[in-house]
Amino acid sequence: MLNSSEKIIPQLAAQLLSAQRIVVMTGAGVSAESGISTFRDSEDSYWSQFDPMTLASLDGFSDNPQRVWHWYQWRRQQIALARPNPAHVGLAHLQRRLPLYLITQNVDGLHQQAGSQQVCELHGNIFINQCVSVSCNYREQHQDNASDLITCPQCQQAYLRPGVVWFGECLAAERLEAADLASRDCDLFLSMGTSAAVYPAAGFAALAKQSGAQIIEINPAATPLSEHADWVIRAPVGSVFERLMPLLS
Ligand SMILES: [Zn+2]
């Protein structure tokens, strides 16, 4: 296992340029570098009094849809203030040049804002609204001024909810399957800014490794993935991309 020495960045550049199929998985650490707090360490005194289960579950929404909607509206406003960081921008650039499949656990849309066209959003997107009724497939882009609960314009029988995966819910099968296939088929897998602790997302690196891919982790702290990675870069992801991108242009 290599560590975060100076020469590791040129080696990472060389690996990226020689890989046939790259998969990148990003997590909360990448959003945190843009100033987006993780769900659990919200410092807002009003919202921090609530258990995340009451704000991010179907039961919580059924009990008090107004409260849950307002919480997500608050989150959306926080996220709207954030800007993509060098990792988002660098990945968008790499996607235009290299065969790179991007999987994210983040729901903030910052990869797309940085210019990424294809993003497998495992946990959905906070700026999508969808009907809470399972028998209705209505989805729409969230409008910034929609601060109050919206009744579904299609079925007229249920509220719209944020298009994110809540506690106790399954990930969308088609996204899961696409991420699974890409991971089995790659020869270079990069895990960035994620503790890689939550399944099924944690399993993608394992699938890639079983298929013979090189595994590289970029994360400031050790994670359960670290011991399985071929290389580990212990640094903020944005700072790695600041040093990496000049070597690739
Ligand atoms: Zn509906």
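Parameters and conventions
Residues numbered from 1 in each chain as written. Predicted model: local features only at pLDDT ≥ 70, side-chain atom pairs only at ≥ 80, totals over all residues. Helix = DSSP H or I, 4+ residues; strand = E, 2+ residues; numbered from the N terminus. Rg over C-alpha atoms; globule rule 2.2 N^0.38 Å. Buried ≥ 20, exposed ≤ 12 C-beta atoms within 10 Å, placed from the backbone. Contact = placed C-beta atoms within 7 Å. Pairing = 2+ DSSP bridges. Right-handed = clockwise from strand over helix to strand, strands pointing away. Axes fitted to C-alpha atoms, helices over the stretch in contact; angles between N-to-C directions. Parallel < 35°, antiparallel > 145°, perpendicular 65-115°, else oblique. Left-handed = near helix turned anticlockwise from the far one by under 90°. Nonpolar A, V, L, I, M, F, W, Y, C, P; charged D, E, K, R; others polar. Domains from an automatic or database assignment.

## Regarding the overall build of the protein
At step 1: A count of helical and extended segments in the protein gives ten helices and nine strands.
At step 2: Taking 2.2 N^0.38 as the reference for a compact globule, 249 residues should give roughly 18 Å; the C-alpha atoms of the protein span a radius of gyration of 19 Å, in line with that estimate.
At step 3: For the protein, the spread of C-alpha atoms along the three principal axes comes to 55 × 35 × 30 Å.
At step 4: Within the span of the protein, comprising 249 residues, buried residues form 39% of the whole.
At step 5: In the protein, of all internal contacts separated by at least 6 residues, the share reaching a separation of at least 24 is 65%.

## Describing the sheet that holds strand 8 (residues 214–218)
At step 1: Taken together, six strands build an open sheet; the order of strands is 3-2-1-7-8-9 and the sheet is parallel. Two strands in the sheet have a free side with no partner beyond their single neighbour: strand 3 (120–121) and strand 9 (231–233).
At step 2: Note: strand 2 (residues 100–104) against strand 3, two bridges, orientation parallel. Bridge assignment links Thr 104 to a residue of strand 3, and that residue is Glu 121.

## Some words on the pairing of strand 8
At step 1: Summarising burial for strand 8: four of the five residues are buried, a large majority.
At step 2: In this sheet, strand 8 lies alongside strand 7 (residues 188–192) in parallel orientation, the contact comprising five bridges. Residue pairing in the sheet places Leu 188 in a bridge with Gln 214 of strand 8.
At step 3: The parallel pair strand 7 and strand 8, bridged by helix 9 (residues 201–210), forms a crossover whose chirality is right-handed.
At step 4: Note: strand 8 against strand 9, three bridges, orientation parallel. Note that in strand 9 the partner of Ile 218 across the bridge is Ile 233.

## Side note on the environment of Ala 14
At step 1: One can find Ala 14 in helix 1 (residues 8–18).
At step 2: Residues Ala 14 and Leu 247, 233 residues apart in the sequence, show an inter-C-alpha distance of 9.0 Å.

## As for the packing of helix 1 against helix 10 (residues 237–248)
At step 1: With their axes 9 Å apart at the nearest point, helix 1 and helix 10 run at an angle of 55° to one another. When the interaxial angle is binned, helix 1 and helix 10 end up oblique. In this structure, helix 1 meets helix 10 at a crossing whose hand is right-handed. Contact residues: Ile 9, Pro 10, Leu 12, Ala 13 and Leu 16 in helix 1; Val 240, Arg 243, Leu 244, Leu 247 and Leu 248 in helix 10.
At step 2: The residue inventory of the contact of helix 1 with helix 10, partitioned by class, reads nine nonpolar, no polar and one charged.

## Here we look at the domain arrangement of the protein
At step 1: Along its sequence, the protein is carved into domain 1 (1–36 + 84–123 + 171–249) and domain 2 (39–81 + 127–164).
At step 2: Each of domain 1 and domain 2 has a C-alpha centre, and these two points are 28 Å apart.
At step 3: Listed as interface residues are five residues of domain 1 and, on the opposing side, four residues of domain 2.
At step 4: Looking at the side of domain 1 that touches domain 2 residue by residue, the class counts come to two nonpolar, two polar and one charged.

## Topic: the sheet that holds strand 5 (residues 139–141)
At step 1: Spatially, three strands are ordered 5-4-6 in an open sheet, and the strand pairing comes out antiparallel. At either end of the open sheet lies a strand with only one pairing partner, and these are strand 5 and strand 6 (160–164). The mean inter-strand angle of the sheet, taken between neighbouring strand axes irrespective of direction, is 40°.
At step 2: On the sheet, helix 5 (residues 65–81) packs against strand 4 (124–131) and strand 6 and is oriented at approximately 145° with respect to strand 4.

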